[in-house]
Amino acid sequence: QVQLVESGGGTVQAGESLRLSCAASGNIASIDAMGWYRQAPGKQRELVARLTSAGSTNYADSVKGRFTISRDMAKNMVYLQMNSLKPEDTAVYYCNANVRATYDANYYTRWGQGTQVTVSS
């Protein structure tokens, strides 16, 4: 019943910026980590950025200094600010969350449907 929905993708020129948003909804008791992954054609899905409820962050080396992850705990939302975009950033970006439902004591992983980001040279 818990769902994640991404928005904010699109097509931009190299050097431009995009801001992705992800909203979690449903019977949510709590959310620990939220993050972003991406998958380019012919490639495995890879970590982009991750942020825990305690404030710990992890970034892929390829995006450090360019991307920033943030979240609004009260709204169950996570964001990814992407600056200085490069053609190699082109991929489908997926929201991820470790979430506990109101009827379950365990945390489990949920994925959004993805949003396309295309960066032209």
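Let me begin by describing the structure that accompanies this report.

Rules behind the numbers
- Every chain's residues receive numbers from 1 upward, in the order its sequence appears when written.
- Side-chain atom pairs in this predicted model are given and counted only at pLDDT of 80 or more, local residue features only at pLDDT of at least 70, and totals for whole chains, interfaces and linings cover all residues.
- In computing side-chain properties, one takes all heavy atoms of the structure into account and sets aside hydrogens as well as water.
- Helix numbering and strand numbering both begin at the N terminus, where a helix is a DSSP run of H or I of at least 4 residues and a strand a DSSP run of E of at least 2.
- The cut-offs for exposure are 20% and 50% of the maximum accessible area for each residue type, with area from a 1.4 Å probe on protein chains only; residues under the lower value are buried, those over the upper are exposed, and the others partly exposed.
- For accessible areas, the Shrake-Rupley method is used with a probe of radius 1.4 Å. Any residue's cover is judged against the shown protein chains and nothing else.
- In this tally Asp and Glu are treated as negative and Lys and Arg as positive; neither His nor the chain ends contributes.
- We put the charge of a Lys on NZ, of an Arg on CZ, of an Asp on CG and of a Glu on CD.
- Our working definition of a disulfide is a cysteine sulfur pair at a distance within 2.5 Å.
- Pairing between strands is defined by DSSP: at least two bridges between them are needed.
- Note on geometry: axes are lines fitted to C-alpha atoms, helical ones only across the stretch in contact, with angles between N-to-C directions running from 0 to 180 degrees.
- Here, nonpolar core refers to any group of buried Ala, Val, Leu, Ile, Met, Phe, Trp, Tyr and Cys residues whose side-chain atoms link them within 4.5 Å.
- Throughout, a residue-residue contact means that at least one pair of heavy atoms, one from each residue, lies within 4.5 Å.
- A pair is scored as a salt bridge if a Lys or Arg side-chain nitrogen falls within 4 Å of a carboxyl oxygen belonging to Asp or Glu.

**Here's the deal with the overall build of the chain**
Now for step 1: A count of helical and extended segments in the chain gives zero helices and 11 strands.
Now for step 2: Going residue by residue from the N terminus, the α and β elements of the chain occur as β-β-β-β-β-β-β-β-β-β-β.
Now for step 3: When its C-alpha atoms are laid out on the principal axes, the chain stretches across 50 × 25 × 25 Å.
Now for step 4: Taking all 121 residues of the chain together, 38% fall into the buried category.
Now for step 5: Working note: accessible area of the chain is about 6300 Å², and carbon and sulfur atoms make up 44% of it.
Now for step 6: A distance of 2 Å separates the average location of the 12 positive side-chain charges in the chain from that of its 9 negative side-chain charges.

**Describing the state of the cysteines**
Now for step 1: Considering all chains together, one arrives at one disulfide under this definition.
Now for step 2: The side chain of Cys22 participates in a disulfide bridge whose partner is Cys95; the two sulfur atoms lie 2.0 Å from each other. With the S-S bond torsion at -85 degrees, the cross-link from Cys22 to Cys95 turns out left-handed. Of this pair, Cys22 sits in strand β3 (residues 18-25) while Cys95 sits in strand β9 (residues 91-101); the two residues are 73 residues apart in sequence, bridging distant segments of the chain.

**What to know about the sheet that holds strand β7 (residues 67-72)**
Now for step 1: Across the sheet, four strands lie side by side as β1-β3-β8-β7; this open sheet has antiparallel pairing. Only two strands of the sheet have a single partner each, and these edge strands are β1 (3-7) and β7. When the angles between neighbouring strand axes are averaged without regard to direction, this sheet yields 15 degrees.
Now for step 2: One ladder, built from six bridges, connects β3 with strand β8 (residues 77-82); its direction is antiparallel. Bridge pairing links Leu20 to Leu80 in β8.

**With respect to the nonpolar core**
Now for step 1: In this structure, Trp36, Val48, Phe67, Leu80, Met82 and Tyr93 are the most contacted members of the largest nonpolar core, which totals 29 residues.
Now for step 2: Those elements that place two or more of their residues in this core are β3, β4 (28-39), β5 (46-51), β7, β8, β9 and β11 (115-120).
Now for step 3: When residues of this core are assigned to their parent elements, the largest contribution, five residues, is made by β9.
Now for step 4: Those residues in contact with Phe67 that sit more than four places away from it in its chain are Arg38, Val48, Tyr59, Leu80, Gln81, Met82, Asn83, Leu85, Asp89 and Tyr93.

**Some words on the pattern of salt bridges**
Now for step 1: Applying the stated rule across the entire model yields four salt bridges.
Now for step 2: Glu46 is the partner of Arg38 in a salt bridge, and the nearest nitrogen-oxygen pair spans 2.9 Å.
Now for step 3: The partner of Lys64 in a salt bridge is Asp61, with the nearest N and O atoms 3.2 Å apart.

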